Amino acid sequence: MYKGLNRYKPLENLDQWHGRVDSEDNYYAFRWHQCVRLLDLNDDTVRACDGALGIAFLGFKSDEGIRRNKGRGGAVNGPESIRHELANLPCYFDPSVTLLDAGDVVCEDGNLEESQRQLGMMVERLLRLNLFPILLGGGHEIAYGHYQGLQKFLTSGESRPGIGIFNFDAHFDLRPYPSGGNSGTMFRQIADLNAASGLPFLYYCAGVQRCSNTIELFRTADALGVKYKLAKDLIQEDHWQLSESIGAFVSQTDHLYVTVCTDVFSSAFAPGVSAPQPLGLDPELALKILKRLIRSGKVISFDIAEVSPRFDKDNITASLAKVIIFTVVNTLCQNKNLLLNAE
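Residues numbered from 1 in each chain as written. Predicted model: local features only at pLDDT ≥ 70, side-chain atom pairs only at ≥ 80, totals over all residues. Heavy atoms only, no water.

Trainee: Would you take a moment to explain the pairing of strand S10 (residues 299-305) for this structure?
Mentor: Looking down a regular strand, the side chains alternate between one sheet face and the other. Taken across its seven residues, S10 has seven buried, putting it largely inside the fold. As paired elements, strand S5 (residues 132-137) and S10 share three bridges and run parallel to each other. Along S10, the bridge assignment pairs Ile134 with Phe302. Relative to S10, strand S9 (residues 255-261) is paired through six bridges, and the arrangement is parallel. By the bridge assignment for S10, Val258 is matched with Phe302. (Buried < 20%, exposed > 50% of the residue type's maximum accessible area, 1.4 Å probe, protein only. Helix = DSSP H or I, 4+ residues; strand = E, 2+ residues; numbered from the N terminus. Pairing = 2+ DSSP bridges.)

What follows is the structure in structure tokens.
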């Protein structure tokens, strides 16, 4: 069914996953690179994960959407940069947790739409294998392909699933797309896809910057019923206000897709992005919200986008992506009582 997809490239080896080895037999001294295994989604003999938790990484090697959006290219190399950072993370999860790397979907010829379509097929495949997808961008155009796979998987089992999208982003990414999609149109495309499919558009954007969005985009967000928080309001609101707002959104959904555009963070923490934000969010706040979302038990997949090694400094942005993914994995494990005690 999945054979012959020319944009899906399984990894041939684990060269991108290498790091320090403190022990070869004491699991409590292991790091992620000692646990991750390769997964070829073209292999029809692969069986669904029957363990307590299976997690699969999938890269999207594309910044075609950024190029079309007249942004700074470089995120095409983000997946490899993030993998290198993930490799040395310590294992705080139970040995029964499965970590897999499913390789990359690439966009090498400018045909973003086909790459997004094939990315969606791979996401659907991961979900059918009972794996939690963690996608590594690449430009934020990853979101449209990612969502296509989620929608196809969920609508095959439910008549009208409420698929919530929680986006950490300085931009709404709701622009019209008369000449094709790009890294600023994905959620408008998803809104149109949902309308055509008879599904509600449930979208929350956290970290919006007024200086990065036109008045028309705010009007579009209001017209589409988008929930959002300005970056300044996220910083100023007390914990209970924020928790109430997020809780109200989560309660409207059956499933959650969480996506992080690293340009939501202050350039002090994320210099290696296409559109740096001098007054963006502090990652500590985003991690608190992220944990709140995952603890709801509704999060079905996750991606992080716009890590651009070309503009990074000392791998600061890729390292931030590492910490965010570490939080995602550990909180998923905590939900299932699979988190090990360090004491």
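Once the structure has been displayed, the description carries forward.
Trainee: Teacher, can you tell me more about the layout of surface pockets here?
Mentor: Remark: the empty space left among the atoms is shown by a probe the size of a water molecule rolled over them. The volume enclosed by the largest pocket comes to roughly 360 Å³. If you go around the largest pocket, you meet 18 residues; those closest to its centre are Leu53, Asn130, Phe132, Val299 and Lys336. Looking at the lining of the largest pocket, the elements with two or more residues in it are S10 and helix H10 (316-335). Taken together, the residues that form the lining of the largest pocket break down as 11 nonpolar, five polar and two charged. (1 Å grid on protein atoms, 1.4 Å probe; cavity = no way out; pocket = protein on both sides within 12 Å on 5 of 7 lines; lining within 4 Å. Points joined across faces, edges and corners; volume = space filled by probe spheres on them. Nonpolar A, V, L, I, M, F, W, Y, C, P; charged D, E, K, R; others polar.)

Trainee: Would you take a moment to explain the side chain of Asn330 for this structure?
Mentor: Checked against the element boundaries, Asn330 lands in helix H10. Judged by its relative accessible area of 12%, Asn330 is buried. Those residues within four positions of Asn330 in sequence are excluded, and the remaining contacts are Tyr92 and Leu339. (Contact = heavy atoms within 4.5 Å.)

Trainee: Help me understand H10, please; the structure alone is not making it clear to me.
Mentor: Since the α-helix turns once every 3.6 residues, residues separated by three or four places project in the same direction. A rise of 1.5 Å per residue sets the reference length of H10, with its 20 residues, at 28 Å; its end C-alpha atoms lie 29 Å apart and thus fit the reference within 8%. In terms of burial, H10 is a largely internal element, 14 of the 20 residues being buried. One or two positions beyond H10, positive phi appears at Asn337, with a value near 55°. (Expected span 1.5 Å × (residues − 1).)

Trainee: Please explain empty space enclosed by the protein as it appears in this structure.
Mentor: Counting across every chain of the model gives one cavity of 30 Å³ or more. Looking at the largest cavity, its volume works out to about 30 Å³. Lining the largest cavity, in full, are Phe168, Val260, Phe265, Ala286, Leu287, Leu290 and Ile324. When residues in the lining of the largest cavity are grouped by element, the largest group, three residues, is from helix H9 (residues 283-295). Its residues placed into classes, the lining of the largest cavity shows seven nonpolar, no polar and no charged.

Trainee: Explain the packing of aromatic side chains here, please?
Mentor: Ring pairs (aromatic) are described by centroid distance and by the angle formed between their planes. Summed over all chains, the structure comprises 15 aromatic pairs. With a centroid separation of 4.7 Å and an interplanar angle of 15°, the aromatic rings of Phe166 and Tyr204 are classed as stacked. Residue Phe166 is located in strand S6 (residues 163-168), and its partner Tyr204 is located in strand S7 (residues 202-208); the two are separated by 38 residues in the primary sequence. The residues Phe166 and Tyr204 share a single accessibility class, namely buried. On the numbers, 5.4 Å between centres and 65° between planes, the contact of Tyr204 with Phe249 is edge-to-face. (Phe/Tyr/Trp six-rings, centres within 6.5 Å; stacked < 30°, edge-to-face > 60°.)

Trainee: Could you clarify how one ought to interpret the packing of helix H8 (residues 239-251) against H9 in this entry?
Mentor: In a pair of packed helices, the angle between the axes and the distance between the axes together describe the arrangement. Where H8 meets H9, the axes come as close as 11 Å, and the angle between the chain directions of the two elements is 40°. Relative to H9, the crossing made by H8 is right-handed. Side by side, H8 and H9 meet where Leu242, Ser243, Ile246, Gly247 and Val250 of the first sit next to Leu285, Ile289, Arg292 and Leu293 of the second. For the contact of H8 with H9, the residue count by class is six nonpolar, two polar and one charged. (Axes fitted to C-alpha atoms, helices over the stretch in contact; angles between N-to-C directions. Left-handed = near helix turned anticlockwise from the far one by under 90°.)

Trainee: Help me understand the nonpolar core in this model?
Mentor: Buried together is how nonpolar side chains tend to be arranged in soluble globular proteins. Core analysis: the biggest nonpolar cluster contains 59 residues, and Trp32, Phe168, Phe302 and Ile325 have the highest contact counts within it. Looking at which element gives the most residues to this core, the answer is H10, with nine residues. When neighbours within four sequence positions are excluded, Phe168 is seen to be in contact with Ala206, Val258, Thr259, Val260, Cys261, Val264, Ala286, Ile289, Leu290 and Leu293. The next biggest cluster of nonpolar side chains, apart from the first, holds 47 residues, and it includes Leu135, Met186, Ala191 and Cys205. (Core = buried A, V, L, I, M, F, W, Y, C linked by side-chain atoms within 4.5 Å.)

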